[in-house]
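An overview of the molecular structure
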Amino acid sequence: MPLSAPRETVIPPDEHILTVQEALEPLYQKLEQEVETKLVEAAVDAGWSPYDALNAIDQLKKAG
């Protein structure tokens, strides 16, 4: 009885399970959250209230 080689399934580009955006979006969101946390911590250490720090971050996001 001959052994058959395992069959590989090649998925066409239009049928990929994830797009690049779908793969990178969770990583981007995690980095964005970490950066925002560090910015708020730095602002609070400098004497700002957390509320003022978050408002300043929101203004920076709008300006960008």
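Everything that follows concerns the structure shown earlier in this document.
We now turn to the structure provided with this report. (Residues numbered from 1 in each chain as written. Predicted model: local features only at pLDDT ≥ 70, side-chain atom pairs only at ≥ 80, totals over all residues. Heavy atoms only, no water.)

Examining the overall build of the chain
- Scanning the chain for helices and strands turns up two helices and zero strands.
- Across the 64 residues that make up the chain, the buried fraction comes to 6%.
- Of the roughly 6,300 Å² of accessible surface on the chain, a fraction of 60% belongs to carbon and sulfur atoms. (Helix = DSSP H or I, 4+ residues; strand = E, 2+ residues; numbered from the N terminus. Buried < 20%, exposed > 50% of the residue type's maximum accessible area, 1.4 Å probe, protein only. Areas by Shrake-Rupley, 256 points an atom, 1.4 Å probe, with all protein chains shown as cover.)

Quick word on the pattern of salt bridges
- Taken as a whole, this structure holds one salt bridge when the rule is applied.
- Across the pair Glu36 and Lys61 runs a salt bridge whose closest N-O atoms are separated by 2.9 Å. Here Lys61 lies in helix 2 (residues 50-63) and Glu36 lies in helix 1 (residues 20-45), a separation of 25 residues in the sequence.
- A residue is classified by how much of its surface remains accessible, and Glu36, at 23% relative accessible area, is partly exposed. (Salt bridge = Lys/Arg side-chain N within 4 Å of Asp/Glu carboxyl O.)

Observations concerning a nonpolar patch on the surface
- On the surface, a cluster of nonpolar side chains totalling about 330 Å² of accessible area is made up of Ile11, Ile17 and Leu18.
- Structurally, Ile17 can be placed in the segment before helix 1. (Patch = residues over 30% accessible without salt bridge, like charges linked within 9 Å, V, L, I, M, F, W, Y side chains within 5 Å.)

Describing helix 1
- With 26 residues, helix 1 extends 37 Å from end C-alpha to end C-alpha; this agrees with the ideal 38 Å at 1.5 Å per step.
- At Pro26, helix 1 is deflected by roughly 25°, the largest bend along its length.
- Within two residues after helix 1, Gly47 carries a phi angle of roughly 105°, on the positive side. (Expected span 1.5 Å × (residues − 1). Bend = angle between axes of the 7 residues up to and from the residue.)

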